[in-house]
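# Remarks on the overall topology
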Amino acid sequence: MSEQEKDLSEIMQVRRQKLEKLQESGVNPYPHSFERTHFSQEIVDNAKQLMEKEVAVAGRLMSIRGHGKVGFAHIMDSQGRIQLYVRKDQVGEANFATYKLMDIGDIVGVTGEVFETRTGETTIKAAKIELLTKTLRPLPIVKEKIEDGERVAYDQFADKEMRYRQRYVDLVVNPDVREVFITRSKIITHMRRFLDDKGLLEVETPVLQPIYGGASARPFVTHHNALDVELYLRIADELYLKRLIVGGFDGVYEISKDFRNEGMDRFHNPEFTMMEVYVAYKDYKYMMELVEEMVSYIANKIYGKTTILHQGREIDLTPPWKRITLFDAIEEHTGHNLYGKDLEQLRQIAKELKMEVESFWREGKIIDEVFSEKVEPKLIQPTFITDYPVELSPLAKRHRNDPNLVERFEPFMVGGEIGNAFSELNDPIDQRERFLAQQELLELGDDEAQMLDEDYLRALEYGMPPTGGLGIGVDRLVMLFTDQASIRDVLFFPQMRPEKSG
RNA sequence: GAGGGUAUAGCUCAGCCGGUAGAGCAGCGGCCUUUUAAGCCGUUGGCCGAAGGUUCGAAUCCUUCUACCCUCACCA
């Protein structure tokens, strides 16, 4: 980079020359503060009341149109944009000279009176325009035009790689991107408020864990020097949160990052945000109500209604959502009832469905595969899939009516799952057996099988009340609400290969 | 991990069956005291992602590499 710095592009050299000129004329290009009285949007919205009143706004110059001894510009702040009108005979010779040395992208503060131009645009007639930060890099400026009431952007900053790597530029230049992240923040705020209003306690549990658990995934491994031990970045919060239920809390939740050392695509980032909640004395039926209530609550808070548009389809989040068992759903979509079928029969059915089956797959795995291939893509409207085979769910309690099943559900919509929940297994003896079954899988070479956690078993032996638990993939919920097709578009800084290798 | 695509000026993109680089915007110099994708005149700017190869000659054809995007496989 330093080589490039020496040989700056012409456009950047010019900016540095302007910086020097400004300093020579006594202008501080990096002053310490500015007293703002209004945001741009407030002025535009309240133009009548503010007419001929003095205001002070601060933000970035996004367009400059010169007219000799006069100039128009747009300044953008966090709320929007407003036009400036700078006259040499108003701001004075020296200040006008400073203005002439400003570039698109520079951060400025303007004081002046509000008025309306001939064309009817609310504008600030500058009494003074101050440089607040000189910028040395040109912004990839997007030009906009209003055509038939539609905002049309020209030369949009669109290169995805650059947008992700230089999100700060993306945010300045693409207003829709900012909106997505504001909505993301609101979703989490409303989620938190909803859970708090239920009387649940927000808690924090370890990210660095000596034994990882609570999900099936490969972990990131790290090393703690002082203790000289291997630690894992958590793949889930589950086992720690349930320890807190053992400890006597009636309901706890955590919204935080989990880490899974696996592939990346438009639904997966190595670090992602999970919300997990556990409520004592409740079961999975209660958790279903909690999910549909929470998601529709968020929709109402954000859009004032419980339907949303996602990738051109209207999704109706109004409770109650459809509920169907895993086996019924498979039968509905394939015509095959897989319940109680043995391994050979399942293989035969998979064959008839033209699916490839790996030799080491067991019953549960085949059922899961049939479901995700034949059913999952068709679950567009919100649907709870319930009652999974025991072997797929080592932490879930057996079904009250059928010991081959567990009380588990996953909420699906737009062809993907957004969470996972169960009546939590609190029988320590059964839990030990399930862990041992996982150990066998581990030995068979399943590197995602779960580790046996003796301390967690000890906690269960002290007694965990009946508990309902739920995890929600927050990023996916955000994708749904903000109509984004890729997880990278709802993460400020999605994981990328480091820049400039080789 | 497999397949497909993309990479040319600060940004958005042209550049055909190989002949030595182009536009708009931005920038720079002019003119311009109500413009708004401001306008008009002039003008600078490129190791054509990297490295090799074929060729008299490569942005263009071939090979390898790098990064990103899309699809598929595993996982939320």
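Predicted model, so just to flag it, every value in this text is computed and none were measured.

What counts, and where the lines are drawn
- Residues numbered from 1 in each chain as written.
- Chains lettered and ligands numbered in written order.
- Predicted model: local features only at pLDDT ≥ 70, side-chain atom pairs only at ≥ 80, totals over all residues.
- Heavy atoms only, no water.
- Phe/Tyr/Trp six-rings, centres within 6.5 Å; stacked < 30°, edge-to-face > 60°.
- Helix = DSSP H or I, 4+ residues; strand = E, 2+ residues; numbered from the N terminus.
- Buried < 20%, exposed > 50% of the residue type's maximum accessible area, 1.4 Å probe, protein only.
- Lys NZ or Arg CZ within 6 Å of the ring centre and 35° of its normal.
- Domains from an automatic or database assignment.
- Near = heavy atom within 4 Å.
- Polar contact = N/O pair within 3.5 Å; in protein donor to acceptor, adjacent residues only side chain to side chain.
- Nonpolar A, V, L, I, M, F, W, Y, C, P; charged D, E, K, R; others polar.
- Pairing = 2+ DSSP bridges.

Moving on: the packing of aromatic side chains. The tally for this structure, following the rule as stated, stands at 14 aromatic pairs. Judged by centre distance (5.6 Å) and plane angle (45°), the rings of F96 and Y99 are tilted. With F96 and Y99 both in helix α6 (residues 93–100) and three residues apart, this pair spans about one turn of that helix. Neither F96 nor Y99 differs from the other in exposure class; each is buried. Grouped by ring-pair contacts, the aromatic residues Y284, W321, F384 and F409 constitute a single cluster. If you follow R243 out to its NZ or CZ, it ends over the ring of Y240, 4.6 Å from the centre.

The domain architecture assigned to chain A consists of domain 1 (3–156) and domain 2 (177–321 + 381–490). Relative placement of domain 1 and domain 2: their C-alpha centres are 47 Å apart.

Looking now at the protein's contact with RNA strand B. Near RNA strand B lie 53 residues; those nearest to it are K18, T119, K143, H268 and R476. A share of 56% is what sugar and phosphate atoms reach among the atoms of RNA strand B within 4 Å of the protein. Within the side chain of E262, one N or O atom sits 2.8 Å away from a sugar or linking oxygen of RNA strand B. Separating a phosphate oxygen of RNA strand B from a side-chain N or O atom of E369 is a distance of 3.3 Å. Contributions of two or more residues to the surface near RNA strand B are made by α2 (10–24), β1 (54–66), β2 (70–76), β3 (81–87), β6 (143–147), α7 (160–165) and α14 (363–375). Counted by class, the surface near RNA strand B contains 15 nonpolar, 12 polar and 26 charged residues.

Backbone-to-backbone hydrogen bonds pair the strands of a sheet. The strands run either parallel or antiparallel. On the basis of which strands lie adjacent, the open sheet formed by three strands has the order β9-β11-β10 and antiparallel pairing. Sheet topology places β9 (208–209) and β10 (221–224) at the edges, where each strand pairs with a single neighbour. The pairing of β10 with strand β11 (residues 229–233) spans four bridges and is antiparallel. Residue pairing across strands places T222 opposite L231, the latter belonging to β11.

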